[in-house]
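Coordinate analysis (summary)
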Amino acid sequence: MDGLLIGVANLLTIETILAVAIGCGIGIFVGAMPGLGSAVGIALMVPLTYSLSPTFSVVMLAALYMGSEYGGSVSAILLNTPGTPSATATMVDGYPMSQKGQARLALGVSLSSSAVGGLIGGLALVLLAQPLVGVALRFGPPAYFAVGVFGLSMVAALAGSSLVKGLVVACLGLMLVTVGSDPISGYTRFTFGSYELIDGIPVVAVMIGLFAVSEAFFLVEKGAAKFVGDTSLRHLFLSREQWRNLLPTMLRGGVIGTLIGILPGVGSSVGGWFSYTLTQRLSSNPEDFGKGEVKGVAAPESANNATVGGSLIPLLTLGIPGSPTTAMLMGTFFLHGLQPGPALFQNAPDIVYTLMLSLFAAVAFMYVLGSFALPLCARVIALPNHVLAILIVAMAAVGVFALRSLMFDVWVMLGFGVIGYFLRKFGFPLPPMILAVVLGPMIEANFRRSLLLSQGDYNIFFEDGIAFGFLALTAVFVLAIPALKLVRKVAFQQRNHHTKNSTRDGI
Amino acid sequence: MMRLGTYVIGGILLIVAALYVFGASNFGVTFNPRDVGPGYFPVGVGALLIVLVLIVLGQETFGRGSVSWVDLSSFIPLVLPLVALAILYILGIQYVGYFSSTAIFLIISLIFLYRIELKLALIVSLIFCTFVFVVFVLLLRTSFPTGYLF
């Protein structure tokens, strides 16, 4: 309770309100720009936070995360190009609404649904974080090792079409974090005599390279999308009748998004699609979906904003990020000398509670900025992708250099941009690598501490109930997810075969 | 294209993983878990990577690869010039100076690579450099390399 009061007091300061406003505004902008999104936005902003206070930094980036989840719907509705992966479900009904001249209504529904989802996610974070911290305090090194492996495996399994490729890039990430001083003995590894590597590979440069620079290379390959819809986008507020009609959909989406956000690796795009599909199944007019049904916009939008609060729960309570965006946020905590997890609630309760409560302020700012700044935003998203890509490269270079004033880091960033481009081209997903870079030191340190405690006995991972539980879950998911994908593929092939036969037989 | 690319990437990863395991084994690692040293974890990760890459190559060879075709046709005309310019840009930061090389990079890449009008390229370059100067130099007190120019 004291923590919440401190959070309220901090939230009402000019500094925090400014952080929320800036973060939210930038978030809507980067979310609306096709190809950017929250992870790239945070990656580009992290270097800027180096000189700022920890509270200002994390609050601004969390607000950016919230704003970008809404911003993604702007280009999905107006350009038929999702600004963020989570807005793909919004596009299905949002763009047809825009083509029918209902862009204003679609954007209004998206904004209100995002606000409801954001509030539900924020509320879940406030209510669940403190009890979960009590559980997390019982975790020892084996449990932390197991939780880290679980988070990493889930992301590797779900991030791309191939589990093995996901695990390959996760291993690459783990290899990267073994560069530099060993976390237990201080022995220097893989530095090749370079003083720049003694503190390890520059994590932020790697993240910016993999996410922002490789994205820039992808952007130059795409052409600019065409702006569709009306241009008078003010007054996005819904009528009382519209609220009454859509509120159950928004609430359901909010709950789904929160639950999905808590799971590592699943992400907001799954939340959006899950909410969309469920709403369609429950609808009395499922045939209207895909043709401009307003509930088809409300359902995914409330879900993807609710994932923001949900995904912060494992990050703040266990120190486990479940997505690239939360991994970037975790990197920001590290940059300011803070370690997310139960200890953070004891060592820096002001930061934790201010961050949690700032989500509500972010929703309020998102609502106001989304209503009044949208005409400008709608114009800016028509910026050619080529211009955007070049600006990303230039911005990434300046941001990475500003962190340590080392040109070495800028070369690392460019190198990982090229590596990320080719890995993505050949079907290797990047999120497991980002997570491995962030979680790697924790996984290695707790693995070795566990073996030191048990004098080399691996049974310590099975005798610890929490560790055993998470390792068992990891094994189940790693085996179950490819099996489910295989079953789905076989079913799809059988259905195709059946359809072909029916067509050939003239049925 | 996909198969050849996966073989190239797989081959590179195998070499990297083998060198990594070899390097890690010099850190005083033993296979006895009672003697957990700085090389123990890296050797395990490297060995796991070798096994996983072999599985990926096996899947590709026997037709269970996850992606059937990769389009690299736009890499040489669109992406490679940007990578080359980015390399020159980073070299330029060191030798010519941050602001002059940034302005040159933006103008050249916008005009020559992507056929943006000179006026727009100059405006974009001016706005970006002003933004960096105000935010990074004036507010965040970052000092950039000045090189031969500025």
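Described in the following lines is the structure provided in the data block. Counting restarts for each chain, with residues numbered from 1 along the sequence as it is written. In the order they appear in the text, chains get letters beginning with A and ligands get numbers beginning with 1. Predicted model: local features are reported for residues with pLDDT of at least 70 only, side-chain atom pairs are reported and counted for 80 or more only, and whole-chain, interface and lining totals are derived from all residues. To get the side-chain values, take all heavy atoms of the structure and skip hydrogens and water.

1. A word on the packing of aromatic side chains
Working definition: a ring pair exists when centres of Phe, Tyr or Trp rings (six-membered ring for Trp) sit within 6.5 Å. Plane angles under 30 degrees give stacked, over 60 give edge-to-face, the rest tilted. Summed over the entire model, instances satisfying the criterion amount to 29 aromatic pairs over all chains. When the centroid spacing of 4.4 Å and the interplanar angle of 10° are considered together, the rings of Tyr89(B) and Phe105(B) count as stacked. With Tyr89(B) in helix 3 (residues 75–95) and Phe105(B) in helix 4 (residues 98–113), this residue pair connects regions lying 16 residues apart in the sequence. An identical accessibility class is assigned to Tyr89(B) and Phe105(B); each is buried. In textbook terms, an aromatic cluster arises when at least three aromatic residues are bridged by ring pairs, as seen for Phe145(A), Phe447(A), Tyr458(A), Phe461(A), Tyr40(B) and Phe41(B). Lying across the ring of Phe428(A), Lys165(A) places its NZ or CZ 5.0 Å from the centre. Only when the NZ atom of a Lys or the CZ atom of an Arg is both within 6 Å of the ring centre and within 35 degrees of the ring normal do we say a charge sits over the ring. Above the face of the Phe218(A) ring, Arg424(A) is positioned so that its terminal group lies 4.1 Å from the ring centre. Think of it this way: any DSSP run of H or I at least four residues long counts as a helix, any run of E at least two long counts as a strand, and we number them from the N terminus. The buried label applies to any residue whose accessible area, calculated with a 1.4 Å probe on protein chains only, is under 20% of its type's maximum; exposed applies above 50%, and partly exposed to all values in between.

2. Considerations on the environment of Gln102(A)
For Gln102(A), the position within the fold is in the loop between helix 5 (88–99) and helix 6 (103–136). You can call Gln102(A) partly exposed: its relative accessible area is 31%.

3. Notes on the environment of Asp288(A)
Residue and element names in this part refer to chain A. Summarising the element assignment, Asp288 is placed in the loop between helix 11 (267–282) and helix 12 (295–318). By relative accessible area, Asp288 is classed as partly exposed at 30%. Counting along the chain gives 195 residues from Asp288 to Asp93, while the straight-line C-alpha distance between them is 9.1 Å. Should any heavy atoms of two residues lie within 4.5 Å, those residues are considered in contact. Beyond its immediate sequence surroundings of up to four residues, Asp288 is in contact with Asp93 and Glu293.

4. A few points about the side chain of Thr178(A)
Looking at the secondary structure, you find Thr178(A) in the loop between helix 8 (163–177) and strand 1 (180–181). When its relative accessible area of 0% is taken as the criterion, Thr178(A) is described as buried. Polar side-chain contacts of Thr178(A) include one of 2.6 Å to the backbone oxygen of Met175(A). Polar contacts involving the side chain of Thr178(A) include one to the side chain of Tyr20(B), which spans 2.6 Å. Every residue in contact with Thr178(A), bar those within four places of it in the chain, is listed here: Arg189(A), Phe190(A), Glu444(A), Tyr20(B), Phe41(B) and Pro42(B). Residues adjacent in sequence count toward polar contacts only when both atoms are side-chain atoms; beyond that, a polar contact is any pair of N or O atoms within 3.5 Å, and within protein one must be able to donate a hydrogen and the other to accept it.

5. With respect to the packing of helix 5 of chain A against helix 12 of chain A
Residues and elements named next belong to chain A. Where helix 5 contacts helix 12, the axes come no closer than 8 Å and their chain directions differ by 140°. The angle between helix 5 and helix 12 places the two elements in the oblique class. With respect to the hand of their crossing, helix 5 and helix 12 are arranged in left-handed fashion. Along the contact surface, helix 5 presents Ala89, Thr90, Asp93, Gly94 and Met97, while helix 12 presents Gly296, Val297, Pro300, Glu301 and Asn304. Note on definitions: angles span 0 to 180 degrees between N-to-C directions of axes, and those axes are lines fitted to C-alpha atoms, for helices only across the stretch in contact. Roughly parallel means an angle under 35 degrees; roughly antiparallel, over 145; roughly perpendicular, 65 to 115; everything else is oblique. Left-handed describes a crossing whose near helix is turned anticlockwise from the far helix through less than a right angle; right-handed describes the clockwise counterpart.

6. A word on the interface of chain A and chain B
Facing 53 residues of chain A, the contacting portion of chain B comprises 65 residues. Simply put, the buried area is the total loss of 1.4 Å probe accessible area from both parts when two parts are fitted together. Summed over both sides, the interface between chain A and chain B buries roughly 5,400 Å², with carbon and sulfur atoms accounting for 84% of that surface. Area buried by chain A at its contact with chain B is led by Met175(A), Ile390(A) and Phe426(A), which between them contribute 13% of it. The term salt bridge refers to a pairing of a side-chain nitrogen on Lys or Arg with a carboxyl oxygen on Asp or Glu at a separation within 4 Å. At the boundary of chain A and chain B, one finds 0 salt bridges. When contributions to the side of chain A that touches chain B are tallied by element, the ones reaching two or more residues are helix 8, strand 2 (188–189), helix 9 (203–221), helix 17 (385–404), helix 18 (407–425) and helix 19 (431–453) of chain A.

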